[in-house]
Amino acid sequence: LVVVHKAIQEMRKAYTAKEREKKARDEIVPQENIRLNPNRGPKLQNLRIYPNVQARGKKTEGDLEAHINGFRFTVKKAPSHDLKHVDI
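All values reported here derive from a predicted model rather than from experimental measurement. (Residues numbered from 1 in each chain as written. Predicted model: local features only at pLDDT ≥ 70, side-chain atom pairs only at ≥ 80, totals over all residues. Heavy atoms only, no water.)

1. Description of the overall build of the protein chain
The line we're drawing: Think of it this way: any DSSP run of H or I at least four residues long counts as a helix, any run of E at least two long counts as a strand, and we number them from the N terminus. A contact between two residues is defined here by any heavy atoms of the two lying within 4.5 Å. Accessible areas in this description were obtained via Shrake-Rupley with a 1.4 Å probe; residue shielding takes into account the shown protein chains only.
Scanning the protein chain from terminus to terminus reveals one helix and four strands. Scanning the protein chain from its N terminus toward the C terminus, one meets helices and strands in the order α-β-β-β-β. For the protein chain, the share of sequence-separated contacts (at least 6 apart) that also reach a separation of at least 24 residues comes to 34%. Put simply, the protein chain shows about 7900 Å² of open surface, and 56% of that area lies on carbon and sulfur atoms.

Below you can see the structure in the form of structure tokens.
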């Protein structure tokens, strides 16, 4: 009887986790990609952002570029991060 009870609890946990994940996926709104400024707008160099992008405890310095619908923060040896005006 105890084994069956534990099996039912595990099935219930799996089901609720799956439903929670499905609900989270449904709430995600697709956003358009950042539109790059063809003539390179203003740019701030040697800028630090928090929280740390690389998460290694080191100081992260990069460049922040203004584009048509957002900003792009680029770091050497790391992918760039796009910040859209809608998200700010």
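We are not done yet, so read on.
2. Focus: the confidence of the model for the protein chain
Our working definition: The quantity known as pLDDT measures the predictor's confidence residue by residue, on a range of 0 to 100.
For the protein chain, the average pLDDT comes to 83, and 89% of its residues sit at 70 or higher. Within the protein chain, the element-level pLDDT minimum falls on strand S4 (residues 81-84), averaging 79, and the maximum on helix H1 (residues 2-27), averaging 93.

3. So, the pairing of strand S3 (residues 70-74)
Worth spelling out the cut-off: The pairing criterion is simple: DSSP has to find at least two bridges between the two strands.
Pairing between strand S2 (residues 61-66) and S3: four bridges, direction antiparallel. The residue bridging Ala66 from the neighbouring strand is Phe71, located in S3. By the bridge criterion, four bridges tie S3 to S4 in an arrangement that is antiparallel. Bridge pairing in S4 places Phe73 opposite His81. The antiparallel hairpin formed by S3 and S4 contains six residues in its connecting segment, where Lys77 sits at a positive phi of about 60°.

4. A short note on the side chain of His67
To be explicit about the condition: We call a residue buried when its accessible area falls under 20% of the maximum for its residue type, exposed when it is over 50%, and partly exposed in between, using a 1.4 Å probe and counting protein chains only. Polar contacts, as counted here, are pairs of nitrogen or oxygen atoms within 3.5 Å of one another; within protein the pair requires one atom able to donate a hydrogen and one able to accept it, and residues that are adjacent in sequence qualify only if both atoms are side-chain atoms.
Following the sequence through the fold, His67 ends up in the loop between S2 and S3. His67 gets classed as buried once you look at its relative accessible area, which sits at 8%. Of note is the side chain of His67, whose polar atom sits 3.1 Å from the side chain of Glu65. Beyond its immediate chain neighbours, meaning those up to four positions away, His67 contacts Ile34, Arg35, Leu36, Asn37, Arg40, Arg72 and His85.

5. Observations regarding the pattern of salt bridges
Which entries qualify depends on this criterion: Here, a salt bridge means any Lys or Arg side-chain nitrogen found within 4 Å of an Asp or Glu carboxyl oxygen.
Inspection of every chain in the model, using the stated rule, returns five salt bridges. Between Lys43 and Glu65 there is a salt bridge; the shortest N-O distance is 3.7 Å. Within this pair, whereas Lys43 is found in strand S1 (residues 43-48), its partner Glu65 is found in strand S2, the two being separated by 22 residues in sequence. Given a relative accessible area of 41%, Lys43 falls into the partly exposed group. A salt bridge links Arg72 to Asp82; the nearest nitrogen and oxygen atoms lie 2.8 Å apart. Taken together, the residues Arg72 in strand S3 and Asp82 in strand S4 connect sequence positions 10 residues apart. When salt bridges that share partners are traced, they join Lys43, Asp63 and Glu65 into one network.

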